Protein chains: 2
Amino acid sequence: MRLHDALDYHARERGDADLAVQDGRRISYRQAQAATERIAAALIDAGLAPGDRMAVLSKNSIEYVLLYYAASRVGVVPVPLNYRLAPAEWAWIVNDAGARLLIATADYLAAVDGVRAGLGSVERFVAVGAVAEGWTPWEAWLAAAPATTVDRVIGDDHVLYQMYTSGTTGRPKGALLTHRAVTSNLAQFALAFEPRFGERWLVVVPMYHASGAVTSFAAINGGGCLDIHRDFSPAAVVRALAEEGIGRTSLVPAMIQACLLAVPDAAERAYPSLRFIAYGASPIAEGTLRRAMATFKCDFLQAYGMTETSAVLTYLLPADHARALADKPGLLLSAGRPIAGTELRIVDEQDRPVPNGTIGEIVARGPQLMQGYWNRPQESAEALRGGWMHTGDAGVLDDEGYVYVQDRVRDMIVSGGENVYPRVVEDVLFEHPALADAAVIGVPDPTWGETIKAVVVLRPGARCSEAEVIEFCRGRLGGFERPRSVDFVETLPRNPSGKVLKRVLREQYWSGHARRVAGA
Amino acid sequence: MRLHDALDYHARERGDADLAVQDGRRISYRQAQAATERIAAALIDAGLAPGDRMAVLSKNSIEYVLLYYAASRVGVVPVPLNYRLAPAEWAWIVNDAGARLLIATADYLAAVDGVRAGLGSVERFVAVGAVAEGWTPWEAWLAAAPATTVDRVIGDDHVLYQMYTSGTTGRPKGALLTHRAVTSNLAQFALAFEPRFGERWLVVVPMYHASGAVTSFAAINGGGCLDIHRDFSPAAVVRALAEEGIGRTSLVPAMIQACLLAVPDAAERAYPSLRFIAYGASPIAEGTLRRAMATFKCDFLQAYGMTETSAVLTYLLPADHARALADKPGLLLSAGRPIAGTELRIVDEQDRPVPNGTIGEIVARGPQLMQGYWNRPQESAEALRGGWMHTGDAGVLDDEGYVYVQDRVRDMIVSGGENVYPRVVEDVLFEHPALADAAVIGVPDPTWGETIKAVVVLRPGARCSEAEVIEFCRGRLGGFERPRSVDFVETLPRNPSGKVLKRVLREQYWSGHARRVAGA
């Protein structure tokens, strides 16, 4: 199927139902269908042919959702830009994609203007919710296009969007996802639920990212309604969960924690419609989960996947969470098991499967894989060699098929010939009562190649020395795994999904040194 | 996805749940997974490679379902045989497919033996539930295969089954359906429902036919349980609907009518779990629908499609039935509107779309279309020309997109240059109080090319003459549409789906004449 097929179906069968609400605005399925046809007509009028790229720079909004579906109709390929990146990074992506059109919301016009000279491929800049020199206003742009019946036949092997990987390593790469890959993924993970028409999905994870985009698509596939949050506000999320009849939402564990910590009355409220909270990007701490369950009284679900796999590869299901809390707390560290139609293996550096319990690279196969990276034949072939997506994540499988994501393969430290997975060390540091956050990296060493450095954040008011931290690890870790040095910082650099940017962390220590990484 | 992906997923997540029950036997998802792996090992042990054909001759049974899924694992292609055909017809199909293996249940062994000399491609005959000379017993066949881990990679573009069209015209043709086509269709029509884990599906329509096969697959995709009926017994169906917690079933209107007529206490019973009854093959009469709704107090749904489209192209949804009964009874004659991801058009003999309200051939496009007919490149290209499945059905679209299936294009009568659709005439004959059944065909005429003949069945005890029937049509039909002659018969020849076999009906009148048909 194509992405917009489900929207068209529900627009016909339940056209008056809400497709999305935001800040008091609402749009029905029928209105959304008409709006996406209108936008599609404007795309055609702008001369965009199937396969032409359109950059989008916006926080979560109704227009963002409509743009994905309008582009789907006419084969124009959205290139969602991460608004947290620097303008020069947007420019790099826009040029890499060769986008002919750039659509941005008011917040970003000035920043785009600052790099406009470097955006040679862009023929037209469209501003949503603002009037500015050099920008075509959104409404005028739509009004100017002659009404036309869109009659472009877009097959399901056409590219639906080009989404840039978050770039924890090197320059971002544009992952190409076809309609078939994304709609297959929607069908795959739908088997884990009992979808309900009209169910409300709170979407606060960003729509420029696979998590927010595919969550929105899943809601619309099921005839549900998006409750769109532009920014993350713990109080607004808790209020919506309690008062807006929300049935499902996707968050990251840090957001769940913020809801619990920053909203004092969260535990006193009732969440009568809430069926479950999905979370991703990292495992959830047992204490946070217990508190969240006591507060929200709903199911929890962890998703693991990446831009290159549409969205989901594995789920840690509600039943797994129940089992973890009953007698197997370690299961909460797992990312769960493959969803229907997905194969997952752990392989060594020669792509040979390793025994259960052995660490290696997580590779996966299924209909949800990307077609490749835009204009990167070599990296595409490398990432997809043998038909398996090489995730770059180190992981381990247990005998029941649960996968434990350990680290990015590139973050593995090779010290004196021994492989050290930072996550193993970090798990110990997280137990230290004075530490609020921690990341472990390899730093250059003339003797060992790399030695282990811990970069840590103290809890407010807590005190602790480098020697104490190292001593704490003794007995808890093998000698080659213990940090040799500890740096104290205010905060760790993280990407928008909450992952620590190890590459950024390493930079100051590696300037002038070449780092050899596994598989590279 | 591949067909078996959903079975494997549910076997892992709800392994103890029933996958199917029949006559007191039950098999769980976990057991079904193991059984299909066992059968798959036997298929490999028998030397069957991906793409090899396996003929299956059985009424509905647990083994039938398992065979589909076992074959799915290893790429062996089931060729389900219609058990209502004559043994010589089975032989024709087995030879056309070049089946290397034939699996049959006890009922059919003697009949197969009668044509065995003509089954040159079959290397092994396996008997389910019987011991007979020249047949390998099912259990022994499975036990003899060495236990093996099936590690064949079957992509979703592999053929899942080869199903012969019911052959209302000419020799049956083997339609090739891929995993992707069938699982796409499952995803397409699932959007019309809110699937429920553990829901019980009564399956009485035959599994050799798309209706019974795909209904079974849909149940398993949703983690439901099949309640398998080997033969249609109105009393057994009513009892199961009332007592077995059935949530859904698929029937043909004649079965619904039989349940109402043959089970006197049907209206006094309660059907607390029943969500809806799907029906296909033909529209439902308003009176039957009203009575069925009053009896079963559930929703009704009509499906239209064919072997060549996996299963479903259109649905007349419960809301459409409600609307029909409220103020638009004619809607019950419609087959509804396309399911998600399906395009449907009415075209003329040059494949040009015709205006709404104009009769023409129904063509459809979507991911659920067959790959083509086995070894029939010309007929495949003809059926799928331009990427559209040419259904061979005549139909008309209204302004709301509802399609009304009028007739097989080949059954259209050309009389004195006027096109007459038999359905129009039959609808009038059905109103005649003395007639229980009616079919209208063209018979050769030296002046007009063809003239119109009605073949009718009297109600028990009723009387009626040819002249009365023709007179009844006056004022109700145009002159060129009125029957010129009427034949009275005991019963009309129908195929297993309940469609009148016009070809058979015509034979006695056309011997020695050549009939020119539209599009041929």
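Residues numbered from 1 in each chain as written. Chains lettered and ligands numbered in written order. Predicted model: local features only at pLDDT ≥ 70, side-chain atom pairs only at ≥ 80, totals over all residues.

**A word on the overall build of chain A**
Then step 1. Looking only at helices and strands, chain A has 16 helices and 26 strands in total.
Then step 2. Across its three principal directions, the C-alpha atoms of chain A cover 70 × 55 × 45 Å.
Then step 3. Evaluated residue by residue, chain A yields a buried proportion of 52% over its 520 residues.
Then step 4. Restricting to contacts in chain A with at least 6 residues of sequence separation, those with at least 24 account for 65%. (Helix = DSSP H or I, 4+ residues; strand = E, 2+ residues; numbered from the N terminus. Buried ≥ 20, exposed ≤ 12 C-beta atoms within 10 Å, placed from the backbone. Contact = placed C-beta atoms within 7 Å.)

**Side note on the pairing of strand β4 (residues 77-80) of chain B**
Residue and element names in this part refer to chain B.
Then step 1. Residue alternation in β4 divides its side chains into two sets, V77 and V79 and P78 and P80, and both sets are buried.
Then step 2. Note: strand β3 (residues 53-57) against β4, 4 bridges, orientation parallel. The residue of β4 that forms the bridge with M54 is P78.
Then step 3. This β-α-β element, β3 to helix α3 (residues 62-74) to β4, shows right-handed connectivity. (Pairing = 2+ DSSP bridges. Right-handed = clockwise from strand over helix to strand, strands pointing away.)

**Description of the interface of chain A and chain B**
Then step 1. Listed per partner, the contact involves 22 residues of chain A and 22 residues of chain B.
Then step 2. Put simply, the parts of the chain that give the side of chain A that touches chain B at least two residues each are α1 (3-13) and α7 (179-190) of chain A.
Then step 3. Element by element, the count of residues in the side of chain A that touches chain B is highest for α1 of chain A, at 5 residues.
Then step 4. A class-by-class count of the residues in the side of chain A that touches chain B yields 10 nonpolar, 4 polar and 8 charged. (Nonpolar A, V, L, I, M, F, W, Y, C, P; charged D, E, K, R; others polar.)

**Notes on the domain arrangement of chain A**
Residues and elements named next belong to chain A.
Then step 1. Assigned domains within chain A: domain 1 (28-178), domain 2 (232-408) and domain 3 (412-510).
Then step 2. The C-alpha-based centres of domain 2 and domain 3 are spaced at 24 Å.
Then step 3. Taken together, the contact pairs 9 residues of domain 2 with 8 residues of domain 3.
Then step 4. Across the side of domain 2 that touches domain 3, the residue classes tally to 5 nonpolar, 2 polar and 2 charged. (Domains from an automatic or database assignment.)

**Examining helix α16 (residues 502-510) of chain A**
All names here are of chain A.
Then step 1. Restricting attention to buried positions, one finds in α16 the residues K502, L505 and R506. The arc that holds the buried residues of α16, viewed along the axis, is 90 degrees, so those residues lie on one side. Residues of α16 that are exposed and angled more than 90 degrees away from the buried face: E507 and Q508.
Then step 2. Phi for G512, located one or two positions after α16, is positive at around 90 degrees. (Arc of directions from axis to C-beta.)

**Description of the relation of the copies chain A and chain B**
Then step 1. With an axial shift of 0.0 Å and an RMSD of 0.1 Å, the rotation relating chain A to chain B amounts to 180 degrees. Here the copies are linked by what is in effect a two-fold axis.
Then step 2. Same-surface contact between copies: 100% of interface residues of chain A are shared with the interface of chain B. (Least-squares fit on C-alpha atoms with pLDDT ≥ 70 in both.)

**Points about unusual backbone geometry**
Then step 1. Positive phi is not limited to glycine here, since D351 of chain A has a value of about 65 degrees.
Then step 2. Along the chain, the position of D351 of chain A falls in the loop between β17 (343-347) and β18 (360-365).
Then step 3. With a phi angle near 65 degrees, S310 of chain B is a residue other than glycine that sits in the positive phi range.
Then step 4. Secondary-structure assignment places S310 of chain B in the loop between β14 (299-305) and β15 (312-316).
Then step 5. S310 of chain B gets classed as buried once you count the C-beta atoms within 10 Å, which come to 31.

**Brief notes about the sheet that holds strand β5 (residues 101-105) of chain A**
Within a sheet, each strand pairs with its neighbour through backbone hydrogen bonds, oriented either parallel or antiparallel.
All names here are of chain A.
Then step 1. Overall, parallel pairing links the 5 strands, which are arranged β4-β3-β5-β6-β7 in an open sheet. Edge positions in the open sheet fall to β4 (77-80) and β7 (136-137), since each of these has one partner strand only.
Then step 2. Relative to the sheet, helix α3 (residues 62-74) contacts β3 (53-57), β4, β5 and β6 (124-128), its axis offset from that of β4 by approximately 145 degrees.
Then step 3. Contacts between helix α4 (residues 87-97) and the sheet are confined to β3, β4 and β5, with β3 contributing the most and set at about 160 degrees to the helix. (Axes fitted to C-alpha atoms, helices over the stretch in contact; angles between N-to-C directions.)

**Describing the packing of α1 of chain A against helix α2 (residues 29-45) of chain A**
The relative placement of two packed helices is expressed as an angle between their axes plus a distance between the axes.
All names here are of chain A.
Then step 1. Relative orientation of the contacting elements α1 and α2 amounts to 135 degrees, with a least axis distance of 8 Å. On the basis of the axis angle, α1 is oblique to α2. Every pair of crossing elements has a handedness; the one defined by α1 and α2 is left-handed. Each of H4, L7, D8, H10 and A11 in α1 lies in contact with α2, whose residues at this interface are Y29, R30, A32, Q33 and T36.
Then step 2. Of the residues contributing to the contact of α1 with α2, the split by class is 4 nonpolar, 4 polar and 2 charged. (Parallel < 35°, antiparallel > 145°, perpendicular 65-115°, else oblique. Left-handed = near helix turned anticlockwise from the far one by under 90°.)

**Observations regarding the nonpolar core**
Then step 1. Counting residues in hydrophobic clusters, the biggest one holds 340 residues, and the most contacted among them are M54 of chain A together with M54 of chain B.
Then step 2. If sequence neighbours within four positions are ignored, M54 of chain B has contacts with L48, A71, V76, V77, P78, V79, A99, L101 and I103 of chain B. (Core = buried A, V, L, I, M, F, W, Y, C linked by C-beta atoms within 7 Å.)

**Considering the pairing of strand β5 (residues 101-105) of chain B**
Residue and element names in this part refer to chain B.
Then step 1. Among the 5 residues that make up β5, 5 are buried, leaving the element largely enclosed by the rest of the structure.
Then step 2. Burial of the side chains of β5 extends over both faces: L101, I103 and T105 are buried on one face and L102 and A104 on the other.
Then step 3. In the sheet, β3 pairs with β5 via 4 bridges, with the strands oriented parallel. Counterpart to M54 in the pairing with β5 is L101.

**Comments concerning the sheet that holds strand β8 (residues 159-164) of chain B**
Residue and element names in this part refer to chain B.
Then step 1. Strand order across the open sheet formed by 3 strands is β8-β9-β19, with antiparallel pairing between neighbours. Looking at the sheet topology across the chains shown, the edges are occupied by β8 and β19 (372-373).
Then step 2. Pairing of strand β9 (residues 174-178) with β19, which is carried by 2 bridges, proceeds in the antiparallel orientation. Bridge pairing in β19 links L176 to G372.

**Thoughts on the environment of L7 of chain A**
Then step 1. Counting through the fold element by element, L7 of chain A comes out in helix α1.
Then step 2. Overall, the presence of 26 C-beta atoms within 10 Å leaves L7 of chain A in the buried class.

**Things to note about the packing of helix α9 (residues 234-243) of chain A against helix α10 (residues 253-262) of chain A**
Residue and element names in this part refer to chain A.
Then step 1. At a closest axis distance of 9 Å, the pairing of α9 and α10 adopts a crossing angle of 90 degrees. Classed by the angle they form, the pair α9 and α10 counts as roughly perpendicular. Listed contacts from α10 to P234, A235, V237 and V238 of α9 are A258, C259 and A262.

**Some words on the environment of T148 of chain B**
Residue and element names in this part refer to chain B.
Then step 1. Secondary-structure assignment places T148 in the loop between α6 (138-144) and β8.
Then step 2. Its 13 C-beta neighbours within 10 Å are what place T148 among the partly exposed residues.
Then step 3. Counting along the chain gives 66 residues from T148 to V214, while the straight-line C-alpha distance between them is 29 Å.
Then step 4. Sequence-distant contacts of T148, defined by excluding residues within four places in its chain, comprise A41 and I44.

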